[in-house]
Amino acid sequence: MIRIEQVSLQYGAAEILKNVSLTIPKGGVTALIGPNGAGKSSLLSLISRLQSLQAGSITIDDLPVDTTPSREMAKKIAILRQDNQVGSRLTVKELVGFGRFPHNRGHVTQADADMVGEALKLFDLTDLAGRFLETLSGGQRQRALVAMAFCQDTDYLLLDEPLNNLDMYFSRELMRLLRWIADERGKTIVTVLHDINYGGGFSDRIIAMKHGQVVADGPPRELVTTETLRLIYGFDIPVTLIDGQPVALPFTK
Amino acid sequence: MHNRGLIILALSALACIVCFMTLGLRGNLAFVLELRLVRLAALVEVGIAIAISTVVFQTVTANRILTPSIMGIDALYVFGQILLVFLFGGLAYATLDARLKFFGEIVLLMTMACGLILPMLRARWDTGLMLLCGVVVGVLFRSLHSLLARLIDPNDYAVVQTGSFVNFNDVETDLVLIASLLTAAALAGIWRARHILDIVALGRDAAIGLGIEWRKTQIACLLLVCALVAVSTTLVGPVAFLGLLLVALSERIVKTRRHAVLIPATALVSIIVLVGGQTLFQHGLGNSSTLGVVIEFAGGVVFLILLWRGSRT
Amino acid sequence: MIALTFRNPATLPILASIMLTLLCLISLGVGAGGTSLADLWHASGDTEILAISRLPRTLAAVLAGAGLAIAGLIMQAIARNRFVEPATAGTAQSAELGILLVTILWPAAALGWKALAASLAAVTGTALFLMTAHRLPATQPYLVPLFGLVYGGVIGAAATFIAWQTDLLQYLSVWSNGDFSGVLRGRYELLWLGAILVAVAWLIADRLTIMALGRETSIGLGIDYARMLQIGLVIIAVISAVTVVVIGIIPFVGLVVPNLVSRLMGDNMRATLPATALSGAILVLGCDILGRLIRFPYEIPVGTVMGVVGAILFLFLLFRRHTDA
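Residues numbered from 1 in each chain as written. Chains lettered and ligands numbered in written order. Predicted model: local features only at pLDDT ≥ 70, side-chain atom pairs only at ≥ 80, totals over all residues. Heavy atoms only, no water.

As named in an unreviewed UniProt entry, chain C is Iron complex transport system permease protein, taken from Neorhizobium huautlense. UniProt's Sequence similarities (unreviewed entry) comment on chain C is quoted here verbatim: "Belongs to the binding-protein-dependent transport system permease family. FecCD subfamily." Quoted verbatim from the Subcellular location (unreviewed entry) field of UniProt, the annotation for chain C is "Cell membrane". (UniProt positions renumbered as here; feature names shortened; annotations may be inferred.)

As annotated in an unreviewed UniProt entry, chain A carries the name Iron complex transport system ATP-binding protein and comes from Neorhizobium huautlense. A UniProt comment under Subcellular location (unreviewed entry) is attached to chain A, and it reads "Cell membrane". UniProt annotates chain A under Sequence similarities (unreviewed entry) with the comment "Belongs to the ABC transporter superfamily."

Asker: If you had to explain the sheet that holds strand β4 (residues 55-60) of chain A to someone new, which residues and values would you point to?
Answerer: Residue and element names in this part refer to chain A. Read from one edge to the other, the open sheet built from 4 strands follows the order β2-β1-β4-β5, with strand pairing classed as antiparallel. Edge strands, defined here as strands with exactly one partner in the open sheet, are β2 (14-24) and β5 (63-64). Pairing geometry for β4 and β5, over 2 bridges, is antiparallel. From the neighbouring strand, isoleucine 60 faces β5, where its bridge partner is leucine 63. (Pairing = 2+ DSSP bridges. Helix = DSSP H or I, 4+ residues; strand = E, 2+ residues; numbered from the N terminus.)

Asker: An account of the UniProt feature "domain: ABC transporter" (unreviewed entry) in chain A is requested, with residue identities and associated values reported.
Answerer: Summarizing the sequence annotation, UniProt attributes the feature "domain: ABC transporter" (unreviewed entry) to residues 2-236 of chain A in the numbering used throughout. For the annotated span residues 2-236 of chain A, helix accounts for 38% and strand for 26% of the residues, and the straight-line distance between the end C-alpha atoms is 33 Å.

Asker: I'd love a proper account of the UniProt feature "transmembrane region" (unreviewed entry) in chain C, names of residues and values included.
Answerer: Residue and element names in this part refer to chain C. The UniProt record annotates "transmembrane region" (unreviewed entry) at residues 12-38, 59-79, 99-130, 142-164, 190-210, 231-253, 273-291 and 298-319. Counted over residues 99-130, helix gives 84% and strand 0%. Its end C-alpha atoms are 22 Å apart. Secondary structure over residues 231-253 splits into 74% helix and 0% strand, and the C-alpha atoms at its two ends are 21 Å apart.

Asker: Could you give me a rundown of the environment of valine 215 of chain A, with the residues and numbers involved?
Answerer: Residue and element names in this part refer to chain A. Residue placement: valine 215 occurs in strand β10 (residues 213-218). Given the relative accessible area of 32%, valine 215 is considered partly exposed. Discounting residues that sit within four places of it in the chain, valine 215 has contacts with Ala208, Met209, Lys210, Leu231 and Ile232. (Buried < 20%, exposed > 50% of the residue type's maximum accessible area, 1.4 Å probe, protein only. Contact = heavy atoms within 4.5 Å.)

Asker: Residue-level account of the side chain of threonine 91 of chain A, with values.
Answerer: Residue and element names in this part refer to chain A. Assignment of secondary structure puts threonine 91 in the loop between β6 (77-80) and α3 (92-98). The exposure class of threonine 91 is buried, given its relative accessible area of 11%. Other than its neighbours up to four places away in sequence, threonine 91 contacts Ala129, Gly130, Arg131 and Phe132.

Asker: Mind laying out the side chain of threonine 243 of chain C, listing which residues take part and the relevant values?
Answerer: Relative to the elements of secondary structure, threonine 243 of chain C occurs in helix α11 (residues 225-246). Accessibility expressed as a relative area gives 4% for threonine 243 of chain C, which makes it buried.

Asker: If you had to explain the nonpolar core to someone new, which residues and values would you point to?
Answerer: Formed by 299 residues in total, the largest nonpolar core has its most connected members in Ile2 of chain A, Phe303 of chain B together with Phe129 and Phe180 of chain C. Each residue touching phenylalanine 129 of chain C, except ones within four places of it in the same chain, is listed here: Met75, Val84, Ala89, Val144, Phe147, Gly148 and Tyr151 of chain C. (Core = buried A, V, L, I, M, F, W, Y, C linked by side-chain atoms within 4.5 Å.)

Asker: Report on the packing of aromatic side chains, specifying residues and quantitative values.
Answerer: Scanning all chains against the criterion turns up 9 aromatic pairs over all chains. Ring geometry for tyrosine 198 of chain A versus phenylalanine 202 of chain A: centroids 6.4 Å apart, planes at 20°, classification stacked. Of this pair, tyrosine 198 of chain A and phenylalanine 202 of chain A both sit in helix α8 (residues 196-202), 4 residues apart, which is roughly one turn of the helix. The same class applies to tyrosine 198 of chain A and to phenylalanine 202 of chain A, which are both buried. Residues tryptophan 106 of chain C and tryptophan 113 of chain C carry aromatic rings whose centres are separated by 6.0 Å and whose planes lie at 50° to one another, so their mutual orientation is tilted. Among the aromatic side chains, those forming a connected cluster through ring pairs are Phe83, Phe252 and Phe314 of chain C. Against the face of phenylalanine 170 of chain A rests arginine 143 of chain A, its NZ or CZ located 3.8 Å from the ring centre. (Phe/Tyr/Trp six-rings, centres within 6.5 Å; stacked < 30°, edge-to-face > 60°. Lys NZ or Arg CZ within 6 Å of the ring centre and 35° of its normal.)

Asker: Give me the interface of chain B and chain C: which residues, what numbers.
Answerer: A common way to state how big an interface is: give the accessible area lost once the parts meet. Between chain B and chain C, the residue contacts involve 34 residues of the former and 37 residues of the latter. When chain B packs against chain C, close to 3,400 Å² is buried across both sides, 84% of that on carbon and sulfur atoms. Between chain B and chain C we count 0 salt bridges in total. Applying the counting rule to chain B against chain C returns 0 residue pairs in polar contact (both at pLDDT 80 or more). (Buried area = accessible area lost by both parts, 1.4 Å probe. Salt bridge = Lys/Arg side-chain N within 4 Å of Asp/Glu carboxyl O. Polar contact = N/O pair within 3.5 Å; in protein donor to acceptor, adjacent residues only side chain to side chain.)

Asker: Just give me the short version of the interface of chain A and chain C, but keep the residues and values in it.
Answerer: With 25 residues of chain A in contact, the opposing surface of chain C contributes 24 residues. For the pairing of chain A and chain C, the buried interface totals around 2,100 Å² over both sides, and the portion due to carbon and sulfur atoms is 55%. It is Leu50, Arg89 and Phe98 of chain A in chain A that bury the most area against chain C; as a group they hold 31% of the surface buried on that side. Where chain A touches chain C, the interface holds 1 salt bridge. Here arginine 81 of chain A and glutamate 216 of chain C are joined by a salt bridge, their closest N and O atoms 2.5 Å apart. Joining chain A to chain C, the criterion identifies 8 residue pairs in polar contact (both at pLDDT 80 or more). Listing elements by their share of the side of chain A that touches chain C, those giving two or more residues are α2 (70-76), β6, α3 and α4 (101-104) of chain A. Per-class residue counts for the side of chain A that touches chain C are 12 nonpolar, 7 polar and 6 charged. (Nonpolar A, V, L, I, M, F, W, Y, C, P; charged D, E, K, R; others polar.)

Asker: An account of the packing of helix α3 (residues 73-88) of chain B against helix α5 (residues 98-122) of chain B is requested, with residue identities and associated values reported.
Answerer: Residue and element names in this part refer to chain B. Remark: α3 packs on α5, axes separated minimally by 9 Å, with the N-to-C direction vectors making an angle of 130°. With respect to α5, the axis of α3 lies oblique. The crossing of α3 and α5 is right-handed. Two secondary-structure elements touch here, α3 through Ile73, Leu76, Tyr77, Gly80, Gln81 and Leu84 and α5 through Phe102, Glu105, Leu108, Leu109, Met112, Ala113 and Ile117. Taken together, the residues of the contact of α3 with α5 break down into 10 nonpolar, 2 polar and 1 charged. (Axes fitted to C-alpha atoms, helices over the stretch in contact; angles between N-to-C directions. Parallel < 35°, antiparallel > 145°, perpendicular 65-115°, else oblique. Left-handed = near helix turned anticlockwise from the far one by under 90°.)

This is the structure:
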């Protein structure tokens, strides 16, 4: 369980997060939505200890993220960042393999190799395994980075806008994979999404943030409504039900 | 003159010149004065040459941290000199007429510099890459220089006087006259073109739109820069960051980039720094040969600050 | 672009080993002493020359080359910029300043103490550079090496000024231009320290590779990023300092070798580190032999030869990269 208690974050005069408290129980897919600058990425960075806490506390399975050795945390939680530029000349396989580092500390075992092979297959990267990252398209590189995070094989997997650079086919594929990882492998997935409909379709719970605060929290069917969306985004979005799934349609003039 | 800064600069420069000529006079007055006059002329020429070449170079490359020295042009010049000695031998080189030689070297430099820099400008490289390339080219030619210096006869080497250090103390006096003619001609040419340069500073597309023959102007400017770099390098050696320091300082004082003001201002600041600095080091601080090192150090620091600030905005 | 990549990671190291062996043999056979390799083989020549001068000199070139290449590799990983290296970004110049100061304050200091002072100065100078480099915008990759070059130049100018004032300019030129001609048995052994540090780098190669992916990825994978920075910094500084103390500055090795190897083999240091070390040794030893041969029997310092060879290689890399992009 990820427990976030009274977390605030400030950069100079700008308040990024204001007294956020949340618990995310083990298992399932949680989508984090909200307008730009709502503090979603910052919250993710704090949970994954990429940024240090200023106020409040965050624990994962009762381990405080700021004091637990980073090495231990790396076996508990993996993060995919928004920025998907890789400066190094590494092959896809090498990059995905580095996801195993927290477990093997550089001594690759057969189990590691199997895990990498599985990840390459799952993310449809087997044919690209020997290619250098710089020769890939943005979408292929994105998949390689998600595969690397998957290979870390942690109970918790955080993703910051994983659908960036992906076309419709791979966006759906990735969301289905995340669903599968949560259901079949019992992992806990927290992902920042921009398209609320992917959240509606694939997540168990949606948390909406605005101005550094949580403004709505609940299962998709309760959350994806015209009223709630107005509260979050500040304009009217029609919502319709398709096969029992709420779908927001912000495309009308 | 509309600019108060310019008047103050002119007066300060005059004061520096007077101090340089009169302080600590002793012995045979006529002889000492003549000696000082020649050195003064050399320093003033160097100041003007560096000022014009740096400002024009910055204008034509549309960049404020590029200077001819940073792009390795003076290293190229020093290399060209030693290359001639290497090819023709020290004796043949030494017996050549000094003025003829000087012109030959300038033509060589112009060819090499244009061959190096024009392609970069044509390909519209970004500044960082051009700078990096220039700095490395500078290193390359300095290394080639020291390599050739070891390959030629030590006696031959003595013929190539300009070393790798800048030295304001021992100016090459025999070339002062011809250098002053060149500098004066460049000054006159630049003065006539000062309004055109203001347009060139707007960048390629705007300049072409306003009817400038871009390529021709670019090449003419580069050739002029080469000639002036040759003048200053011949007289005192490679100056590295001095030009940058002078232009940055002058722009602060006159607060404009208009060539009609900036060029005279930079020339005056150069005279103040060189003549005043030389006077100060000669009479106040003892060791006058270190002025060059001190200026280089200060110039390097200014460069780092400009780079830093430029990258922030 | 020629897609020349070695799929088999062993190819390049094997080729490099063969070439290095050849160069070592040549190096042992070339010198003003007039003892050729054939003489040595028949034990008729002066084997003393071999033991006292040529073997140490060859070893010194190999050690210095391997060390400098690895120092460059690590510096590029830390700065996350391919165009920096210790010898041109202020590390070597800081080391030089450090030795100069210790020579002024404590002229009788043993070589070890001088190396220590040089290392401390190099750590400080490099830390300052890296702190600045990390704050420069990543969108302008050429700014970092440029900043480094001028930063190194400013520190060098400071050293020159101090040396000038204290009449130590002669000493300074010994450190500022690398030269193997003074290497004799008993005067180069400090360089083995560099070999030890290269071994350390090999041990932590995976972590170094991950570090090159950035702070956030490193933390995400449980690496103590700050600690790794410190370790990397010490490796870079000590290798550079020891080389400056014993040989003098050799530019461009740390710059061009890691770039060339990266082009062929990528950036996974576990795979590229041996090839990088070997190639560095080849480049330095090759340039030293060249310097001995160009004007036989006179010698041209390796720093001068490398200034030409390295600058040309670097410009080549720069142009190639630019046309690729």
